[in-house]
Amino acid sequence: MFLRKRRFGVVSHTDLIPKLIPLIRSFNSFSYSSSTNVVDETSTNYEFDFNQLFISCNKSIHLAKRLHALLLVSGEAKNIYFSTKLVNLYAFLGDICSSRITFEQIRTKNVFAWNSMISAFVHNGCSREAINCYYRLLVTSSSRVRPDFYTFPVVLKACGDLVDGKKVHCWVLKLGFCLDLFIDASLIHMYSKFGFVTDARKVFDVMRVRDKGTWNAMISGFCQNGNAVEALGVFEEMRMEGVQLDSTTVSSILPVCAPLGEGLKGILVHVYAIKHGLEFDVFVSNALINMYAKLGELVSSRKVFGQMIARDLVSWNSLISAYEQNNDPISALKLFSEMMENKFQPDVFTLVSLASVVAQCGDDHKSRSVHGFIMRRSWMCEDSFIENAILDMYAKLGCIDLARKVFQRMAFKDVISWNTLITGYAQNGLASEAVEVFREMEGCKAIVPDQGTLVSVLPAFSHLGSLQHGMRVHGYSIKIGLCMDIFVGTCLIDLYVKCGRLDDAMLLFKQVPRRSSVPWNAIISGHGIHGDGEVALKIFGEMQDDGVKPDHVTFVSVLSACSHAGLVEQGQSCFQLMQQKYGIEPSLKHYGCMVDLLGRAGQVDIAYDFIKNMPIRPDASVWGALLGACKIHHNEELGKVASAQLFEVDPENIGYYVLVSNMYASSGKWDGADKVRSLARDRGLRKTPGWSSIEVNKKVDVFYSGNQSHPQCEEIYKELGGLLSKMKSLGYVPDYSFVLQDVEDDEKEHILTSHSERLAIAYGIINTPPKTPIQIFKNLRVCGDCHNATKLISKITERDIIVRDSNRFHHFRNGQCSCRDYW
């Protein structure tokens, strides 16, 4: 035994601490006998139980140093047992410097001392120093002192990179500790931490004996690295071998059930937790709340929360996040107020959810309150996680200038920061700005674009019709192995669809995984906007045959495709199928598609009756679809009804004022048109100017109606004049009903000729080889006169001309259009 007691009198443990200092001060008057281990004082004899003293000094560094002094003057500091305990005591109290000095003063260090020093470094976050200490142990110690099975778990935890981890693994093998359970579990954790979960699995597979902790380590490793399928596989192996699950197992496996669509398995795990008394464990309960939230089962999440005996802040955060993720911001705000009433102070995670909730509510005032709360606690300076949440909040609220300011003030911008800003610009209709931010990001060598980057920027390229730049991103996705990612692949399908390359989109669709509805929805929608309604319905049938369940987005795509192609009966059948077979309640988008389907087909009165029989109140999209149909079929009376409803439910949308004004103007009722335009001006609304763009030689040129500022302006108008003469020789007569201004006929002809889409087409003819295809993009609908003119231009120039407007694609070839004039 290292401990040696002095027995001449008994001093109680509680009395020792106050007497410690006077004892040290009077130590010179003591007579110390090493042979009898006695300390004599003329008036008092003491018993020293240093183990008890160590326990008494574990709350104060001041007392620890007094104890150290007593050990020094008593000569016990030379005792390696007490010196090592001092190393541990200083480390526990956070004084790593004193711990290290004490360690260095130990002359002959045993493995216990080395392990203590390595653990001290790890405990205080000095991982590099811990590794260096381990290497010193290997190099400077005698051959009799070697790492033992207590050394490696701590050293593996300290490894800062895979190189160190593999070196330690080699020593584990060399010294024969590869069969130790704790060391193997530590190796699994180490490889999982660095993302080498395959190596972790190799360690796991060669283990002869596995305890519950090892199984949990392997499941956790897969979960941390996004390998949900493999995690579930290990979980099943664990159950097959009859290993009893504990709270760690359950709380690790529950989060992967929802993403894999294994809701039933998650419920079975919940039943197991109830059966074995684990459901009241706070970690298990929190995991259950999260799982049910991701499955959309908010009632179950709330029930689990209500049954919890003890709740921590994570419990409140989990339920608030559950409501936020399921688009119920009102309930989330109520729960936040309830949390505050229960004296729980919000943390960073609470505020991240709250920022998203405020964005969902569209509450600009509350957004500034949340931002101010975070600023007062200096959280913005400490964590890019919360900064990204605030950036995302402002972007979703449409406050893109404020989002940009937050971004510019960030001390550290990670890839998520860049992705959030790119997405913010793209979602606010600022595709060019989104692309510009992406190019800035590419210039930062420290930032590597990831899946989120590609998913953020590809829609911007799609919106701009920038095929060449989009294809470059496609090449990059192939290089980094993301082209087969379901989300990146779907965005690429959307890119090729919206850039007029439907065949390329179809080829890519056949390559990406199609287990979920996401890529199916994209390709169905793509065929719809290209006017291939029959093909869209065929793909929809294949989707069902492959066992992929359609969702509400699928039916929006299918109904829209039917609308573009005039497939009224098929659309009505799909509307019934959605409700009767798949149990999907129609949303306002579905009702809007049905009104558009009926209205475009000329069944305007039936569409109006359909609206009156809707079980939910129609919104602007429904009335807007009816108004559009009224304009196409010149039903002014019903158009007045639709416009009155539109001005009530969405009075700030300039598009509806323009549509009503155009309806009056096209029939020559200029007083009605002027009245609507005046109403829009009085409300401070301005019409969005029409523009068309074309990409030639990797450069995008944008043209506005009547544009006179382009460097090739004279050549463009000269080309248009020549085309106009040839068109008239083929029987073209300008349709002045599409000139929405009360001017003379010659002025009307000039206005039609200088529409933005015609300027872009003429520019393309001038700057591309003969008979090559031309593709342009227009932000508004193509007017009827330009539609007729483009058919003739395609015949005259023997070119394929593809025009994407705000609603669909038109493929012009040899005087015909793919829409068959049904648009």
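Please read all numbers here as calculations on a predicted model, not as lab measurements.

1. As for the state of the cysteines
Consideration 1: Scanning all chains against the criterion turns up zero disulfides.
Consideration 2: Sulfur of Cys223: no disulfide; nearest cysteine sulfur belongs to Cys257 and is 9.0 Å away.

2. Re the packing of aromatic side chains
Two aromatic rings, taken as a pair, are described by how far apart their centres are and by the angle between their planes.
Consideration 1: Throughout the structure, instances matching the rule amount to 21 aromatic pairs.
Consideration 2: Between Phe149 and Phe177, the ring centres sit 6.4 Å apart and the planes meet at 70°, which makes this aromatic pair edge-to-face. Placement of the pair is Phe149 in the loop between α7 (127-140) and α8 (151-158) and Phe177 in the loop between α9 (162-174) and α10 (181-193), with a sequence separation of 28 residues.
Consideration 3: With relative accessibility at 18%, the residue Phe177 sits in the buried group.
Consideration 4: Between Phe540 and Phe555, the ring centres sit 5.5 Å apart and the planes meet at 75°, which makes this aromatic pair edge-to-face. Placement of Phe540 in helix α32 (residues 533-545) and of Phe555 in helix α33 (residues 552-565) is noted, with a sequence separation of 15 residues between them.
Consideration 5: When its relative accessible area of 4% is taken as the criterion, Phe540 is described as buried.
Consideration 6: For Phe555, a relative accessible area of 0% translates into the label buried.
Consideration 7: Members of the aromatic cluster, joined through ring pairs, are Tyr134, Tyr135, Phe149, Tyr150, Phe152 and Phe177.
Consideration 8: Between the NZ or CZ atom of Lys109 and the centre of the ring of Phe103, over which it lies, the distance is 5.1 Å.
Consideration 9: The aromatic ring of Trp171 is capped on one face by Lys174, whose charged end is 4.4 Å from the ring centroid.

3. Side note on the confidence of the model for the protein chain
Consideration 1: Mean pLDDT over the protein chain stands at 84; residues scoring 70 or higher make up 91%.
Consideration 2: In this model residues 1-17 is a low-confidence stretch, pLDDT under 50, and it forms 44 contacts with partners more than four residues away in sequence or in other chains.
Consideration 3: Low pLDDT, under 50, characterises residues 23-46; the stretch is placed with 42 contacts to residues that sit more than four places away or in other chains.

4. Regarding the nonpolar core
Soluble, globular proteins show a tendency: their nonpolar side chains are buried together.
Consideration 1: Core analysis: the biggest nonpolar cluster contains 201 residues, and Ile493 and Leu626 have the highest contact counts within it.
Consideration 2: Excluding anything up to four places from it in sequence, Ile493 contacts Ala505, Leu508, Phe509, Val512, Pro519, Ala522 and Ile523.
Consideration 3: The next biggest cluster of nonpolar side chains, apart from the first, holds 30 residues, and it includes Phe703, Ile765, Val782 and Ala789.

5. Some points on the sheet that holds strand β7 (residues 809-813)
Consideration 1: Read across the sheet, six strands follow the order β4-β3-β5-β6-β7-β8 without closing on themselves; strand pairing throughout is mixed. Edge positions in the sheet fall to β4 (699-704) and β8 (816-817), since each has one partner strand and no second.
Consideration 2: Sheet analysis places strand β6 (residues 801-804) next to β7, joined by four bridges and oriented antiparallel. If you follow Arg804 over to β7, its bridge partner there is Phe809.
Consideration 3: Where helix α43 (residues 756-767) meets the sheet, it contacts β3 (691-696), β4, β5 (774-778) and β6, and its direction lies at approximately 15° from that of β3.

6. Description of helix α27 (residues 451-464)
Consideration 1: In a regular helix each residue adds 1.5 Å, so 14 residues correspond to 20 Å; α27 covers 21 Å between its end C-alpha atoms and thus fits that length.
Consideration 2: Among the residues making up α27, those that are buried are Thr453, Leu454, Ser456, Val457, Leu458, Ala460, Phe461 and Ser462.
Consideration 3: Each element contacted by the buried residues of α27 is listed here: α25 (415-427), α26 (431-442), α28 (467-479), α29 (486-498) and β6.
Consideration 4: For α27, the side-chain oxygen to backbone nitrogen distance between the N-cap and Gly452 is 3.1 Å, and the N-cap itself is Asp450.
Consideration 5: Gly465 occupies a position one or two residues after α27 and carries a positive phi of about 70°.

7. What to know about the pattern of salt bridges
Consideration 1: Counted by the stated rule, this structure contains 24 salt bridges.
Consideration 2: Among the salt bridges present, the one from Arg128 reaches Asp164, with a minimum N-O distance of 2.9 Å. Of this pair, Arg128 sits in helix α7 while Asp164 sits in helix α9, and the two are 36 residues apart along the sequence.
Consideration 3: Its salt-bridge partner being Lys366, residue Asp363 comes within 3.3 Å of it at the nearest N-O pair.
Consideration 4: Each of Arg201, Asp205 and Glu237 takes part in one network of salt bridges that share partners.

8. Looking at the environment of Gly489
Consideration 1: With respect to the element layout, Gly489 can be found in helix α29.
Consideration 2: Spatially, the C-alpha atom of Gly489 lies 7.7 Å from that of Phe509, the residues being 20 residues apart in sequence.
Consideration 3: Once you skip the residues sitting within four places of it in the chain, Gly489 turns out to touch Cys483, Leu508 and Val512.

9. What about the packing of α27 against α28?
Consideration 1: Their axes nearest at 9 Å, the elements α27 and α28 cross at an angle of 155°. Taken together, α27 and α28 sit at an angle that is classed as roughly antiparallel. Both α27 and α28 take part in a crossing whose hand is left-handed. Packed against α27, whose contacting residues are Leu454, Leu458 and Phe461, the element α28 presents His469, Gly470, Val473, Tyr476 and Ser477 at the interface.
Consideration 2: For the contact of α27 with α28, a count of residues per class yields five nonpolar, three polar and no charged.

10. Focus on unusual backbone geometry
Consideration 1: A positive phi angle, near 55°, is found at Asn327, a position not held by glycine.
Consideration 2: Position of Asn327 among the secondary structure elements: in the loop between α18 (313-325) and α19 (329-341).
Consideration 3: Non-glycine residue His634 carries a positive phi angle of around 55°.
Consideration 4: Summarising the element assignment, His634 is placed in the loop between α37 (620-632) and α38 (636-649).

So, how was this worked out
- Residues numbered from 1 in each chain as written.
- Predicted model: local features only at pLDDT ≥ 70, side-chain atom pairs only at ≥ 80, totals over all residues.
- Heavy atoms only, no water.
- Disulfide = S-S within 2.5 Å.
- Phe/Tyr/Trp six-rings, centres within 6.5 Å; stacked < 30°, edge-to-face > 60°.
- Helix = DSSP H or I, 4+ residues; strand = E, 2+ residues; numbered from the N terminus.
- Buried < 20%, exposed > 50% of the residue type's maximum accessible area, 1.4 Å probe, protein only.
- Lys NZ or Arg CZ within 6 Å of the ring centre and 35° of its normal.
- pLDDT = per-residue confidence, 0-100.
- Contact = heavy atoms within 4.5 Å.
- Core = buried A, V, L, I, M, F, W, Y, C linked by side-chain atoms within 4.5 Å.
- Pairing = 2+ DSSP bridges.
- Axes fitted to C-alpha atoms, helices over the stretch in contact; angles between N-to-C directions.
- Expected span 1.5 Å × (residues − 1).
- Polar contact = N/O pair within 3.5 Å; in protein donor to acceptor, adjacent residues only side chain to side chain.
- Salt bridge = Lys/Arg side-chain N within 4 Å of Asp/Glu carboxyl O.
- Parallel < 35°, antiparallel > 145°, perpendicular 65-115°, else oblique.
- Left-handed = near helix turned anticlockwise from the far one by under 90°.
- Nonpolar A, V, L, I, M, F, W, Y, C, P; charged D, E, K, R; others polar.

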